[in-house]
Amino acid sequence: MPVSVTLPALGESVTEGTVTRWLKQVGETVQADEPLLEVSTDKVDTEIPAPSAGVLLQITVGEDETVEVGAELAVIGSEGEQAEGGGAHDSAQAEQEAEPEPAQEQEEPAAAEQEPAPVSANGSGGGSAEGTSVTLPALGESVTEGTVTRWLKQVGDKVEADEPLLEVSTDKVDTEIPAPSAGTLVQITVGEDETVEVGAELGVISTGAAAAPRHAAPKPSEPAEAEQKPAPKAEPKPEAKPEPRREPEQPAARQEPAQPAAQKPAAQPQRPAASTATEEGSAQYVTPLVRKLAAEHQVDLSSVTGSGVGGRIRKQDVLDAAKARQEAEQAASQESAAAQGLPGAAPAVQSAPAQPSPLRGTTEKLSRPRKVIAQRVHESLQNTAQLTTVVEVDVTAIARIRDRAKRGFQQREGIKLSFLPFFAKAALEALKEHPKLNASLDLDKGEVTYHANENLVIAVDTERGLMVPVIHDAGDLNVTGLAKRITDLAERTRTNKITPNEISGGTFTITNTGSRGALFDTPIFFQPQVAILGTGSVVKRPVVVDTPLGETIAIRHMVYLALSYDHRLIDGADAARFLVAVKTRLEDGSVAAEFSS
């Protein structure tokens, strides 16, 4: 029995992939688990192995085409089918795709004569036509709605099964919706920029005999339409290629001078929606993700040279183009400043000249806050056994949630949404499971007190030195509540408006050294606390990640968490268990549940 090769799940929230290269061709023998093709997603580039040994009978998705997870990519037959059906299958497929074209041409005059027959909006009226509804599918966990960003086909256009029909954008993914069946698009129910819920009808495809008049109806003139159709149908060969959806339009473009000038507007609107011009004047497919990235960075895709298969423009090409433009603009600005004799006109790659501090060569008395800090730090180091343990955390899930939520959060709450409240929430939840970190030690009495509440201390950098305001009962707050309290306390601490009871009673401290660009440090806790968590800078870098197909390298948001603790009470294993609990909550995104809807 033939075996279907499908696009597997390639990571959390990945809903689609683009075929970048086929490593095997139709008719070739493949072994089980042998690399069959390469696929690119927004997270990873990987190879798809053959699910079984046999002969590659059919390639369903061509190079540079994007499909959803679970879609069929190819068909593999058993060893016994190689001589019997291998080449025949491919040949039969090509004939099957090519033969209907003349038949359709012969039927069109008859269909044109039936134009007066009424056809309903959904394609079901006027004869034996059957209408297939195009609905908005589920595009990820917790996704309830989507916005139509672009229709790739117009009413009256013919479509093939699984051919990209329109583009939809959600808060998690931008993707193409394929046609559920072959036929003619007879109705667009949801227009561009409209938002509808999952399951809503987007359009209607007519699959019956009445579909032909609907295709002809929107055109300027019936005879001109009949003259235009034979031109591209004269060359059925491109239909047998792996990319049947795009290749038929290329002959039409080459024969354009022979077509009536009035027909050009009818043939061209389909192409700009999913393509960009090349040097030869033809069009090349560009994925929605690449188009979105180009729009964000204001990159003209027509000026970008693709490095992918067949010159396909990839994400890195757009990023490189944006970087090159930025560097060129900076260089031009520096040259302009230099030409005018303005200060600071050094090359962009050089740092600004150092500005000496007015404190150089002076002596001053220590401020009282600085004396208190120095005394407490020294006493803490002298009277405790401080040790630091560090873990590395992948906070990509948090970064994506934060990116989606931060604009609306700032509009709603009037403050920025940083990483700190997410780190604080994860730490507070872990403290409830590991009370040793939220305790006080009294060796003179031989007692340890496990606090019932989590009073979170936030280290704030001020002009007067380090200050440590306290969020009392912080364990009862969600991420939004923590963000508001942290911002409020930090602002009032810097403006010297903090009250005495707001700088006392802390049971656990977080210091955000990453806010100044540090990867990590070894923070010092103040007694009677027994632990402090330092959060480093969140940086993007390549790391090895596990996928269902094995290990691969991907760009991830990474951060170091450093926990300093009193070894007199807390052992290394206790510290490690606490840090792993924090790490797990950050990596699975559970601390951001309030932003997932």
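As annotated in an unreviewed UniProt entry, the chain is Dihydrolipoamide acetyltransferase component of pyruvate dehydrogenase complex from Actinopolymorpha rutila. Heading Cofactor (unreviewed entry) of the UniProt record for the chain holds this comment: "(R)-lipoate". As its UniProt record puts it under Sequence similarities (unreviewed entry), the chain is described as follows: "Belongs to the 2-oxoacid dehydrogenase family."

Caption draft 1: Representation of the sheet that holds strand S11 (residues 158–159). Across the sheet, four strands lie side by side as S9-S16-S14-S11; this open sheet has antiparallel pairing. At either end of the open sheet lies a strand with only one pairing partner, and these are strand S9 (131–135) and S11. When S11 meets strand S14 (residues 183–188), the two strands line up antiparallel, connected through two bridges. Across the sheet, Lys158 pairs through a bridge with Thr184, a residue of S14.

Caption draft 2: Representation of the packing of helix H12 (residues 420–433) against helix H13 (residues 479–494) within the structure. Their axes nearest at 9 Å, the elements H12 and H13 cross at an angle of 120°. Considering the angle they form, H12 stands oblique to H13. Regarding H12 and H13, the two cross each other, and that crossing is right-handed. On H13, the residues touching Leu420, Pro421, Phe422, Ala424, Lys425 and Leu428 of H12 are Val479, Leu482, Ala483 and Ile486. In terms of residue class, the contact of H12 with H13 is made up of nine nonpolar, no polar and one charged.

Caption draft 3: View of the environment of Ile401. Inspection of the secondary structure puts Ile401 in helix H11 (residues 396–413). Linking Ile401 and Gly589, residues 188 residues apart in sequence, is a C-alpha distance of 8.2 Å. Residues in contact with Ile401, not counting those within four places in the same chain, are Gly589, Ala592 and Phe595.

Caption draft 4: View of H12. For H12, built from 14 residues, the straight-helix expectation of 20 Å at 1.5 Å per residue is met to within 8% by its first-to-last C-alpha distance of 21 Å. The element H12 is extensively covered by neighbouring structure, given that 11 of its 14 residues are classed as buried. Taken together, the buried positions of H12 are Leu420, Pro421, Phe422, Phe423, Ala424, Lys425, Ala426, Ala427, Leu428, Ala430 and Leu431.

Caption draft 5: Layout of the pattern of salt bridges. As enumerated under the stated definition, the model contains 18 salt bridges in all. One salt bridge in this structure joins Asp394 and Arg556, with 2.8 Å as the shortest N-O distance. Here Arg556 lies in strand S29 (residues 550–566) and Asp394 lies in strand S19 (residues 386–394), a separation of 162 residues in the sequence. Both residues of the pair, Asp394 and Arg556, count as buried. Where Asp574 meets Arg577, a salt bridge forms, and the shortest distance between an N and an O atom there is 2.8 Å. Taken together, the residues span about one helical turn, with Asp574 and Arg577 both in helix H14 (residues 572–587) at a distance of three residues. Since its relative accessible area comes to 46%, Arg577 is described here as partly exposed. The network of salt bridges with common partners includes Lys425, Glu429, Glu433 and Arg585.

Caption draft 6: Summary view of the sheet that holds strand S6 (residues 54–59). Pairing within the open sheet is antiparallel, and its four strands lie in the order S1-S8-S6-S3. Two strands lie at the open edges of the sheet, namely strand S1 (3–6) and strand S3 (29–30), each paired on one side alone. Pairing of S3 with S6 involves two bridges; the strand directions are antiparallel. Across the sheet, Thr29 pairs through a bridge with Val55, a residue of S6.

Caption draft 7: Here's a closer look at the pairing of strand S21 (residues 447–450). Here strand S20 (residues 439–442) pairs with S21 via four bridges, running antiparallel. Looking across to S21, one finds that Ala439 is bridged to Tyr450. Hairpin connection, S20 to S21: the antiparallel pair is bridged by four residues, and Gly446 has positive phi, about 70°.

Parameters at a glance
Residues numbered from 1 in each chain as written. Predicted model: local features only at pLDDT ≥ 70, side-chain atom pairs only at ≥ 80, totals over all residues. Heavy atoms only, no water. UniProt positions renumbered as here; feature names shortened; annotations may be inferred. Pairing = 2+ DSSP bridges. Helix = DSSP H or I, 4+ residues; strand = E, 2+ residues; numbered from the N terminus. Axes fitted to C-alpha atoms, helices over the stretch in contact; angles between N-to-C directions. Parallel < 35°, antiparallel > 145°, perpendicular 65-115°, else oblique. Left-handed = near helix turned anticlockwise from the far one by under 90°. Contact = heavy atoms within 4.5 Å. Nonpolar A, V, L, I, M, F, W, Y, C, P; charged D, E, K, R; others polar. Expected span 1.5 Å × (residues − 1). Buried < 20%, exposed > 50% of the residue type's maximum accessible area, 1.4 Å probe, protein only. Salt bridge = Lys/Arg side-chain N within 4 Å of Asp/Glu carboxyl O.

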